[in-house]
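Next come the chains, spelled out residue by residue.
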Amino acid sequence: MSRRRTCALVLSLLLLVIGGAGQAQAVGYRYWSFWDLTGGKWNYATQGPSTARPSDGDVQGFRFAVSADSQDASKPRGHADFASICAKTPAQAGHKRVALVIDSGTTADAPGAETPPAPRTVCARVPADATTAEALAAVAKPLRYDTNALLCAISGYPRTGCGDQVATSRTAPSATAKADADADAEDNASAKSEPTRHGPSLGLLAGVVAVAALGGAAVWQTRRRRP
């Protein structure tokens, strides 16, 4: 194999590695996702907060993060249960109590230079026919919505933007597993920050190293075969 052909092979392999990394880039959206706690597990809500009507004793959560879709969405972090969240809010005739978990996410998902507030839990006591949006408004003002009734801000966070498009290197399957792992780890370790999603992945670096090693071996073989 000539040196020219060797270089061409190495360049082609390197482009394949880099091209594969580029395909991992995806488009996500920065928004508040809405969750129901069922059987101790968070499930992406099937209704929006403006139409959902929780029952007395329900636990619901909101998480601000960048995600591509419901399969990619990050769940609220930390332990949550109705008994502990609403322990100091007594029942009242004609009303219901809804435990809410409000997780403003991490700095990696924050827009601009904003700092996300710490995650918190709150018990909303509202009329029996109230929606989740009404329960949220009772305990987490100011809320901000866009013209399509999309929830943009809880307790004034974030100050601007609503469902903004964001480039992300996450893929849906790994992101879901990562969000679950982060939730468990942060529940046991005081809400550790999620690692940044920017920069080259370990797979990309390993691929570049492998291609470099292959190229070096090919050049060595070419030199060895010279008379």
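Cut-off values and rules
- Residues numbered from 1 in each chain as written.
- Predicted model: local features only at pLDDT ≥ 70, side-chain atom pairs only at ≥ 80, totals over all residues.
- Heavy atoms only, no water.
- Phe/Tyr/Trp six-rings, centres within 6.5 Å; stacked < 30°, edge-to-face > 60°.
- Helix = DSSP H or I, 4+ residues; strand = E, 2+ residues; numbered from the N terminus.
- Buried < 20%, exposed > 50% of the residue type's maximum accessible area, 1.4 Å probe, protein only.
- Disulfide = S-S within 2.5 Å.
- Salt bridge = Lys/Arg side-chain N within 4 Å of Asp/Glu carboxyl O.
- Core = buried A, V, L, I, M, F, W, Y, C linked by side-chain atoms within 4.5 Å.
- Contact = heavy atoms within 4.5 Å.

Draft legend 1. The arrangement of the packing of aromatic side chains in detail. Evaluated as defined, the whole model comprises four aromatic pairs. Measuring from ring centre to ring centre gives 5.0 Å for Phe34 and Phe62, while their planes differ by 20°; the resulting arrangement is stacked. Pair noted here: Phe34 is in strand E1 (residues 26–38) and Phe62 is in strand E3 (residues 59–67), with a separation of 28 residues, a long-range link. Just as Phe34 is buried, Phe62 falls in that class too. Between Trp35 and Tyr44, the aromatic rings sit 5.2 Å apart at their centres with planes inclined by 75°, giving edge-to-face as the arrangement. Residue classification places Trp35 among the buried positions, given a relative accessible area of 3%.

Draft legend 2. Highlighting the state of the cysteines. What the rule picks out here adds up to two disulfides. Paired by a disulfide, Cys86 and Cys123 hold their sulfur atoms 2.0 Å apart. Because the sign of the S-S torsion sets the handedness, a value of about 100° for the bond joining Cys86 and Cys123 places this disulfide among the right-handed ones. Of the two residues, Cys86 is situated in the loop between helix H2 (82–85) and strand E4 (95–103) and Cys123 in strand E5 (residues 120–127); the sequence distance between them amounts to 37 residues. The residues Cys86 and Cys123 share a single accessibility class, namely buried. Paired through a disulfide, Cys152 and Cys162 show a sulfur-sulfur distance of 2.0 Å.

Draft legend 3. Representation of the pattern of salt bridges within the structure. Under the criterion given, the structure shown has four salt bridges. For the salt bridge of Arg97 with Asp56, the shortest nitrogen-to-oxygen distance reads 4.0 Å. Placement of the pair is Arg97 in strand E4 and Asp56 in the loop between strand E2 (41–44) and E3, with a sequence separation of 41 residues. Of the residues examined, Asp56 reaches a relative accessible area of 44% and is grouped as partly exposed. As a salt-bridge pair, Arg159 and Glu114 come within 3.8 Å of each other at their nearest N and O atoms. One end of the pair, Arg159, is in the loop between strand E7 (151–153) and strand E8 (164–168); the other, Glu114, is in the loop between E4 and E5, and 45 residues separate them in sequence. Taking relative accessible area as the criterion, Arg159 reaches 61% and is therefore assigned exposed. The class of Glu114 is buried, set by a relative accessible area of 8%. The network of salt bridges with shared partners includes Arg63, Arg77 and Asp103.

Draft legend 4. Structural view of the nonpolar core. Among the nonpolar cores identified, the biggest contains 20 residues, and Trp32, Phe62, Leu100, Ile102, Leu136, Leu151 and Ile154 are the most heavily contacted of them. Once residues lying within four places of it in the same chain are set aside, the contact partners of Trp32 are Phe62, Arg63, Phe64, Ile102, Asp103, Ser104, Leu151, Cys152, Ala153, Ile154, Tyr157 and Pro158. Within the second largest apolar cluster, 13 residues are counted, among which are Trp35, Leu37, Val101 and Cys123.

Draft legend 5. Up close: the environment of Phe62. Phe62 sits in the buried class, given a relative accessible area of 0%. Note: C-alpha distance between Phe62 and Ser33 (29 residues apart in sequence) is 5.6 Å.

Draft legend 6. How the structure looks around unusual backbone geometry. Cis geometry marks the peptide bond from Lys141 to Pro142; its omega dihedral reads 0°. Assignment of secondary structure puts Pro142 in the loop between helix H3 (132–139) and strand E6 (144–145). A cis amide bond, omega -5°, links Tyr157 with the succeeding residue Pro158. Among the secondary structure elements, Pro158 is positioned in the loop between E7 and E8. Phi at Ala149 is positive, roughly 70°, even though this residue is not glycine. Counting through the fold element by element, Ala149 comes out in the loop between E6 and E7. Relative accessible area serves as the criterion here: at 51%, Ala149 is assigned to the exposed category. Positive phi is not limited to glycine here, since Ser155 has a value of about 55°.

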